[in-house]
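Commentary on secondary and tertiary structure
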Protein chains: 8
Amino acid sequence: MNVDRLKKLLDDVAAGKCSPEEAMSRLRGMPFEDVEFVKIDHHRALRKGFPEVVFGSGKTPEQVVQIVTRMREEGSNVLVTRSTPEIAEEVLRAHPDVTYHKAARALTLVLSPPQKFPGYVAVLCAGTSDMPVADEAAVTCEIMGVEVERVYDVGVAGIHRLFAQRQVLESAKVTIVCAGMEGALPSVVAGLVDYPVIAVPTSVGYGASFGGVTALLAMLNSCATGVAVVNIDNGFGAGALAALIMRAANR
Amino acid sequence: MNVDRLKKLLDDVAAGKCSPEEAMSRLRGMPFEDVEFVKIDHHRALRKGFPEVVFGSGKTPEQVVQIVTRMREEGSNVLVTRSTPEIAEEVLRAHPDVTYHKAARALTLVLSPPQKFPGYVAVLCAGTSDMPVADEAAVTCEIMGVEVERVYDVGVAGIHRLFAQRQVLESAKVTIVCAGMEGALPSVVAGLVDYPVIAVPTSVGYGASFGGVTALLAMLNSCATGVAVVNIDNGFGAGALAALIMRAANR
Amino acid sequence: MNVDRLKKLLDDVAAGKCSPEEAMSRLRGMPFEDVEFVKIDHHRALRKGFPEVVFGSGKTPEQVVQIVTRMREEGSNVLVTRSTPEIAEEVLRAHPDVTYHKAARALTLVLSPPQKFPGYVAVLCAGTSDMPVADEAAVTCEIMGVEVERVYDVGVAGIHRLFAQRQVLESAKVTIVCAGMEGALPSVVAGLVDYPVIAVPTSVGYGASFGGVTALLAMLNSCATGVAVVNIDNGFGAGALAALIMRAANR
Amino acid sequence: MNVDRLKKLLDDVAAGKCSPEEAMSRLRGMPFEDVEFVKIDHHRALRKGFPEVVFGSGKTPEQVVQIVTRMREEGSNVLVTRSTPEIAEEVLRAHPDVTYHKAARALTLVLSPPQKFPGYVAVLCAGTSDMPVADEAAVTCEIMGVEVERVYDVGVAGIHRLFAQRQVLESAKVTIVCAGMEGALPSVVAGLVDYPVIAVPTSVGYGASFGGVTALLAMLNSCATGVAVVNIDNGFGAGALAALIMRAANR
Amino acid sequence: MNVDRLKKLLDDVAAGKCSPEEAMSRLRGMPFEDVEFVKIDHHRALRKGFPEVVFGSGKTPEQVVQIVTRMREEGSNVLVTRSTPEIAEEVLRAHPDVTYHKAARALTLVLSPPQKFPGYVAVLCAGTSDMPVADEAAVTCEIMGVEVERVYDVGVAGIHRLFAQRQVLESAKVTIVCAGMEGALPSVVAGLVDYPVIAVPTSVGYGASFGGVTALLAMLNSCATGVAVVNIDNGFGAGALAALIMRAANR
Amino acid sequence: MNVDRLKKLLDDVAAGKCSPEEAMSRLRGMPFEDVEFVKIDHHRALRKGFPEVVFGSGKTPEQVVQIVTRMREEGSNVLVTRSTPEIAEEVLRAHPDVTYHKAARALTLVLSPPQKFPGYVAVLCAGTSDMPVADEAAVTCEIMGVEVERVYDVGVAGIHRLFAQRQVLESAKVTIVCAGMEGALPSVVAGLVDYPVIAVPTSVGYGASFGGVTALLAMLNSCATGVAVVNIDNGFGAGALAALIMRAANR
Amino acid sequence: MNVDRLKKLLDDVAAGKCSPEEAMSRLRGMPFEDVEFVKIDHHRALRKGFPEVVFGSGKTPEQVVQIVTRMREEGSNVLVTRSTPEIAEEVLRAHPDVTYHKAARALTLVLSPPQKFPGYVAVLCAGTSDMPVADEAAVTCEIMGVEVERVYDVGVAGIHRLFAQRQVLESAKVTIVCAGMEGALPSVVAGLVDYPVIAVPTSVGYGASFGGVTALLAMLNSCATGVAVVNIDNGFGAGALAALIMRAANR
Amino acid sequence: MNVDRLKKLLDDVAAGKCSPEEAMSRLRGMPFEDVEFVKIDHHRALRKGFPEVVFGSGKTPEQVVQIVTRMREEGSNVLVTRSTPEIAEEVLRAHPDVTYHKAARALTLVLSPPQKFPGYVAVLCAGTSDMPVADEAAVTCEIMGVEVERVYDVGVAGIHRLFAQRQVLESAKVTIVCAGMEGALPSVVAGLVDYPVIAVPTSVGYGASFGGVTALLAMLNSCATGVAVVNIDNGFGAGALAALIMRAANR
């Protein structure tokens, strides 16, 4: 539509129905969206192959089904995060080819497989309670075409368990580290590797953990170099950031 | 020394003076540091070409001169951040080949030029007061072998200034965005590009900006995908993270 | 009653039953409320045509019905905010001519149509989750005689959607912007227009959004000029403020 | 320049040197700023008559002189806020026709008098320590063409002083209320009038006033209707908001 | 028992069985509680006529019944605060002569009427939602022998309602003011009277009221003289403090 | 003046120049201050004998001298709090009969001795660093006619020092307790006495004392009955509150 | 496996199949975990006799049963903290020899009695609501071989109850003090004894107790010497710390 | 004196001048301090050999000299913490046998050498900026008779440096760990050892380190067992706690 209006204007100029000066003047008054199409088109191209993302929390199963259905019609891959069992059940009933990642509380629908990137992202978590966040990060990576190595339950209080996984760590291209409580794990990991570490504070803990704020602050103050921090429990954000880094490495 | 002890043990095994079982047993009791050299060696290799970093804040000019001198003797490139004019003056007197980046409050000594990576990092800041942080990020990138495009004074309140720089943005591989006050710029930028955006909250502002906390929180809560957050005013951290991403893209 | 006492005193003075000095003295001792009627009367006149407002949250359906009934008897227009479905059901049963604005969680009873003001208020929200707050603002405007244009789901991460609505924005007299998470939208909007922007932080978000505090702080620190901030989720306050501005424009 | 490129393109289309399809294609690739001029032009027109604003805090006298000189060359009215005595002295030496508002810590340069709006804005403050903020608001209003009535030292602890000024209050179109400590004054004022009240928390107080945070929170939680809040000590923001409301009333 | 041991010791001294020096030495080693009875006795005397207080929140109905039963057996008056309907029901079943103050969420059992003090305490609240706290304060005063005048729903946004009650205020000896949201009412009241005002912040409000913290801070920063602050929602504490002040006035 | 206008109106009514109805109508329109004199007069009477108070902090010596001079001319007793040595020097030069209380950082000018109340207020502090606040409270009491017993350096870590002063405590009518750090002293004291305890948190401490916030919070959460809290370091407020309680006991 | 690889290497050296130099070189490249067994073995030895600990909160009964079963198979003593009644029921059904400590919300399984330490730890709490935390600390001590003396309900508001227990306090080797609200008890206790006091803030309180933060801050700011603080409600941590101190006293 | 009164009473009983009943009665009325001597005596005995401690911060050099002089006269060992160079200079001039620990900002005067305890305390710090706090802890230990091993600059970002010191760590009886920024070191250390770890958050860092609050929170939330936390920068508290633990191990 916008394209049409602009095309019509240029046709009129070409046909001599409208002088260039008049065209200038009409362009001035033309609503912004009429020239915006360039960006939109461009934008879409750039993001091609990436899924549409639905934040399930606070939505009814019906709403999520409806959104997924619409996105499928547009041919998009879909990632639903923070999916409750109720949401999962309804979506699976309507779309039996959707995959439910229970631990990650995520649903994925892959219509066209994403472009693959060489190498892998390591996803660590400090304790078993951090697993849902770590798994959300892992599933996000995977639907964005990035291979994942999961390394779970390697908290700093038993640091030999982390060290036992050093080879996995050293061969990764990016590592995502999920930790609650004192949030120390990303600092230790970033001291061992020489590539970006994405730190995800989790809301695991009690008392003065303040729902993940302590871990968040600790990560922001890491004495190690190369630590990128995202919001508390934001496994999706960490996964997407890792995928963008992997892609930056392949542009 | 540790190496010596280990070598001696192996020699004894080879010479039949010590059975393998006995060697196993002695290794169990051998202090940790004796086998640690492996990691240290490795570690150093990985980080080769990266500068040693000195946090100038709170150090006397004499202390900084002394540290720089020692590092130079080890053949390291050196980056001094948060350098006061007094520190700069003393260091330059002792090491006339050091470069003083006044706006960035940084000193650099490059003995061996760093490995170069293709592409560039865009460094943005919202207002002129954010410039010292942005420049610290830029200087950090540069001493780590990464080219930088500076795009300054493009706050969200006059968003056309940002849009006028879209081509610079779109061709970058990573963008560092420094902003104080409401910290909205990284969200807007991350909505326009499809690669990682590193958000640096600055302590610019007054009243309820709480020395950068508001900007920090805003960045952590970005509704856009691909935003990595570092500590308030941590230009160095952002630059180093960007360089690690650039390197990850070239491993 | 108070008026009566004062009138009686003046009559006595007129009739010579009471000297002016004595009247002075008795006025001194006369309770405050006896002369207060002036203000009350005045006050009522000033606010004429504005609805009585009931904050539904924490009240039982019965309490709300009772209040609405009393206000109706006084001939007031009524706005019930934060109305639960239970409240709505009970009120509608008792007052079938009340309108239930489900998305806005509001009930309105209009006995006498409010004075209309020329022009309109644009009500924006960043995401669909901000809609209840935006709608509360819109309904409040409308019952105060102000026309509203709703522009929803125009967050900063996809800023072209906002720009596509620029004409609606530019022709408004006031814009109310509701946003959670990083709360960046009001800054961007206020940079595009030259009239007051009312920023409403919403509690949408998680982790370090702290139930809307991050958005609130971001809005208070806006680098743009002309941003008025209200409490978190306070759609009513924003709508009423917009209506007062519209009225100030017509006094 | 941008205009030139666009004009050239349209001329080419008109001259048949370029087909409309080709023009469409080139427009897609044309940098954003080339079509942005519309907004910029527009933007400038809308804001005509408003001063350029310089935040003096943290700038050297030389920097401020330089900025003011450049703005004067562009024919702009200028408002310098948070001006130290040193800044004032230097600016006045370079620009003797600049006015120094000592209490407001502001400098103004009026090359062309602003458009005047009918009515006035009342500027209140709770204590004498709030005066610098109140005066900054007042000076801002005045350079934006808005008349001001100053009503100082009318805190809630001696509420009769406020009531003694009721006539001034009731005849205003907007009132700006500056208060520190418990920040109660805006609520009381907003309960007395029926137009917008702009609340400015000040950093006046000690202990649990937390540099104005207590007053800020109190104002955001006002039980009165029609209260717009700005950042702590943001007299300029309040003044500009008031002027925008006055102008909205005159569009 | 303790008394017995001490008496025995003194008897032995009197009987010459134990020298004073030996008694001194044994007193040194005698456990603290043996001489503590003095204080305990004294203590009890001082507090005579005051009720035993049970904080009902978090206790089961059975626990409260058990405590009340035990206290009754000791002859104490009893005040149960934060009583749920379930607690009230069980206690009333076991002790039919207990009075349930529903609005105050309190239960009282008066075995011996408290000593009465001349004068009264005014208990104010800003809004109807503050009533439970205000009523808890009032009931506490009454069971401590202090007469109460309740003045409800006199918030600062409609300050004439407060002024209409000035005579009640001026004749009180102490006033308790309960307010949530911006917590401004105690400042206004303390500016009108010349005796102690006890400010009780309530958790009434939403968003940036932070469960009463805003009101609490506002009250602590009151610009008026003579304001005593207690914890959020601590109606009991306010009532008991008022009663102690009344008693201090009668010692 | 106001009185004059009102008197004139009544005279006119008495003289038949103005009907009672007309007088009623004119009273309605008469500015508020014209009837307000009642309160002002009353107000002054109530507060008679109390000093005018000047908060010295942030004022220049000249400003304080000027204020003290004016107050002296009005015949008021004067209390200057938070007086710097510079302020003290200037005021003493201008008013040699002023008393400088160095430890309390206070200046007092007593023109007419205040009404004396029977009994005394005990003023305690936990450590020697709390003394300035405690002394400010004591000086405030004294200029308001209340006798004071100072009991300093009786912190909870050496609780026997407190107990050694029990007789002083038990005979007081009110106790003011100043404490920083963990702020535990008021709870202990309030558990020992049966009258009001005024708790003053001080900013003494470091690290997690947060400038007195920890002590403030501890005092607000006291498990003892009868604790009234004032702002951090607010010795004046505590002293004035104590004096008002003493006066309430004598009305 | 790791041991095998290392053993194989040493065998090869012994057999002359591999030179010591080659062995050094291969050790360098050998993954970290291959030499890590030393530490693990060691580690286990050090902690011998201590139970495995399961944090029950957030786990399903089935998960806890499964973990306990596995630990039992390994011959470990087990402590389950934060056990709900549902967890307790399921675990007891599966493991009838497990002990359920209801007040402590803990389950213990003792397969081999822990090493006993001479002396005892006193566990105090300020109010009955602090009991679950205190009991968790006590049960933790006991399963770690430390005898406990429980001293409950000795808050600072009735300090004579604490003093009545002085002999128990003075004979202890360590005291754990659990307190919510103002958290003053550890300071008082640490002033009375000359050994370590472990302070456990509890979430008991309301309003400005902020879920235990006030107590936590108070304890961190204790003016007494020898106070060790743990997280809010962390009875387990306090008990384990006490046991480690007891053991340190016996190494 | 108190002793005298009590002795006199007992003498009178022995002499028959006072019946036991009468003595009981007089003891009831006898002020508390008269029986308190027991505790004081006892108290002193317990703490014998421990130094008197002076917190230098905020005191003038003259005040500190005066206190040290008095304590010396009482024969006490003295520890002055937070000593400025000015304080040190003055004290050394007056007391040339005092030792100035420059890095620790401490002064010590040892008149009688403290009782020695077997074993040692390891004192660690994460970075060189944490050294003043670590040294304060070390000096405190030493003046309390505890030997110290200093292990500095072993932050988690280069964890091999920590591991190189494992033997020192494992042989200690207690370890004090000082760390700023993310405060992760105590967790790592406590995972490696099986005795108490005392965590001291330092104010080292910037931005979201909030003057040590982040480190403090991280330490309170440690996932490792056996971590005792003290206030920010409280090296003295940590040292004294360590010494008390050492002594508990030797009672």
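Note that this is a predicted model, so its numbers are computed, not measured. (Residues numbered from 1 in each chain as written. Chains lettered and ligands numbered in written order. Predicted model: local features only at pLDDT ≥ 70, side-chain atom pairs only at ≥ 80, totals over all residues. Heavy atoms only, no water.)

1. Side note on the environment of A:Arg166
Rules: Where helices and strands are cited, they refer to DSSP runs of H or I of at least four residues and of E of at least two residues respectively, numbered from the N terminus.
Structurally, A:Arg166 can be placed in helix H8 (residues 166–171). Taking the C-alpha atoms as reference, A:Arg166 lies 12 Å from A:Leu124; in sequence the two are 42 residues apart.

2. Side note on helix H5 (residues 85–94) of chain D
All names here are of chain D. Operational definition: Buried, partly exposed and exposed residues are distinguished by accessible area as a fraction of the type maximum, computed with a 1.4 Å probe on protein chains only: under 20%, between the cut-offs, and over 50%, respectively. Taking the helix axis as origin, the arc is that swept by the directions to the C-beta atoms. Throughout, a residue-residue contact means that at least one pair of heavy atoms, one from each residue, lies within 4.5 Å.
Every buried residue of H5 is listed here: Ile87, Ala88 and Val91. Seen from one end, H5 has its buried residues packed into an arc of 100 degrees, which puts them on one side. Summarising the geometry of H5, the exposed residues directed more than 90 degrees from the buried face are Pro85 and Arg93. Residues of H5 that are buried make contact with helix H4 (61–73), strand E3 (99–101) and strand E4 (106–109).

3. Observations regarding the sheet that holds strand E2 (residues 78–81) of chain E
Residues and elements named next belong to chain E. Basically, it comes down to this: Two strands form a pair only when DSSP identifies at least two bridges running between them. The angle between two axes is taken between their N-to-C directions and runs from 0 to 180 degrees, where each axis is a line fitted to C-alpha atoms and a helix contributes only its stretch in contact.
If you walk across this open sheet you meet the four strands as E1-E2-E4-E3, and the pairing is mixed. Looking at which strands have only one partner, the edges of the open sheet turn out to be strand E1 (52–55) and strand E3 (99–101). Neighbour-to-neighbour, the strand axes of the sheet open up by a mean angle of 20 degrees, direction not taken into account. In this sheet, strand E4 (residues 106–109) lies alongside E2 in antiparallel orientation, the contact comprising three bridges. By the bridge assignment for E4, Val80 is matched with Leu107. Packing of helix H6 (residues 131–143) onto the sheet brings it into contact with E2, E3 and E4, and relative to E2 it is tilted by some 170 degrees.

4. A short note on the domain arrangement of chain A
By a frequent convention, interface size equals the accessible area lost on bringing the separate parts together. Residues and elements named next belong to chain A. So the rule is basically this: An automatic or database domain assignment supplies the residue ranges for each domain. Joining two parts hides part of their accessible area as seen by a 1.4 Å probe, and the buried area is that hidden amount summed over both. In what follows, salt bridge is the name for a side-chain nitrogen of Lys or Arg lying within 4 Å of a carboxyl oxygen of Asp or Glu.
As far as domains go, chain A holds domain 1 (3–12 + 25–109) and domain 2 (120–249). The partner domain 2 presents 14 residues to the 16 residues of domain 1 that form the contact. Around 1,300 Å² of area is buried between domain 1 and domain 2 when both sides are counted, 68% of it from carbon and sulfur atoms. Note that Glu136 is salt-bridged to Arg82, the shortest N-O span being 3.5 Å.

5. Thoughts on the sheet that holds strand E3 (residues 99–101) of chain A
Strands pair in a sheet through their backbones, by hydrogen bonds, and they do so in one of two ways: parallel or antiparallel. Residue and element names in this part refer to chain A. Pairing in this open sheet of four strands is mixed, and the strands run E1-E2-E4-E3 from one edge to the other. Edge positions in the open sheet fall to strand E1 (52–55) and E3, since each of these has one partner strand only. When the angles between neighbouring strand axes are averaged without regard to direction, this sheet yields 15 degrees. The sheet contact formed by E3 and strand E4 (residues 106–109) spans three bridges and is antiparallel.

6. So, the relation of the copies chain B and chain A
Using the following cut-off: Copy-to-copy alignment: least squares on C-alpha atoms, limited to residues at pLDDT 70 or above in both.
Mapping chain B onto chain A calls for a rotation angle of 179 degrees and an axial translation of 0.0 Å; the resulting RMSD is 0.3 Å. Taken together, the rotation angle and the small translation identify this as a two-fold axis. A shared interface surface links the copies, since 100% of the contact residues of chain B are contact residues in chain A too.

7. Topic: the interface of chain B and chain A
For the record, the criterion: For this analysis, a polar contact is any N or O atom pair within 3.5 Å, provided that within protein one partner can donate a hydrogen and the other can accept it, and provided that sequence-adjacent residues contribute only side-chain to side-chain pairs.
Facing the 35 residues of chain B at the interface are 35 residues of chain A. Here chain B packs against chain A, burying approximately 3,200 Å² in sum over the two surfaces, 57% of which is carbon and sulfur. Seen at the junction of chain B and chain A, the total is two salt bridges. One salt bridge in this structure joins A:Asp194 and B:Arg247, with 3.3 Å as the shortest N-O distance. Run the count over chain B and chain A and you get five residue pairs in polar contact (both at pLDDT 80 or more). Only helix H3 (33–47), helix H8 (166–171), helix H9 (185–192), helix H10 (213–220), strand E9 (227–229) and helix H11 (235–248) of chain B provide two or more residues apiece to the side of chain B that touches chain A. Of all the elements, H11(B) adds the most residues to the side of chain B that touches chain A, at seven residues.

8. Describing the packing of aromatic side chains
The line we're drawing: Here a Phe, Tyr or Trp ring, Trp counted by its six-membered ring, pairs with any other such ring whose centre lies within 6.5 Å, and the pair is stacked when the planes are under 30 degrees apart, edge-to-face when over 60, and tilted otherwise. Charge-over-ring placement is defined geometrically: NZ (Lys) or CZ (Arg) within 6 Å of the ring centre, and within 35 degrees of the ring normal.
Considering all chains together, one arrives at 12 aromatic pairs over all chains under this definition. Seen from their ring centres, B:Phe55 and H:Tyr206 are 5.6 Å apart, and the 15 degrees between their planes marks the pair as stacked. One end of the pair, B:Phe55, is in strand E1 (residues 52–55); the other, H:Tyr206, is in the loop between strand E8 (197–201) and helix H10 (213–220), on a second chain. In this structure, G:Arg82 packs its charged tip against the face of A:Tyr206, placed 4.5 Å from the ring centre.

9. Focus: helix H6 (residues 131–143) of chain A
All names here are of chain A. Spelled out, the test is: How far a helix is expected to stretch is found by multiplying one less than its residue total by 1.5 Å.
Here H6 contains 13 residues, and its C-alpha end-to-end distance of 18 Å stays within 8% of the 18 Å for a straight helix at 1.5 Å per residue. Most of H6 is tucked away: 10 of the 13 residues are buried. Of the residues making up H6, those classed as buried are Val133, Ala134, Asp135, Glu136, Ala137, Ala138, Val139, Thr140, Cys141 and Ile143. Looking one or two residues past H6, Gly145 carries a phi angle of roughly 90 degrees, positive in sign.

10. Here we look at the pairing of strand E5 (residues 120–125) of chain B
All names here are of chain B. Basically, it comes down to this: Crossover handedness is defined here as right-handed if the route from the first strand over the helix to the second strand goes clockwise, with the strands pointing away from the viewer.
Within E5, six of the six residues are buried, leaving the element largely enclosed by the surrounding structure. Each parallel crossover has a hand, and the one from E5 via helix H6 (residues 131–143) to strand E6 (residues 147–152) is right-handed. For E5 and strand E7 (residues 174–179), the ladder comprises five bridges, and the chain directions are parallel. Considered in E7, the bridge of Ala122 is made with Thr175.

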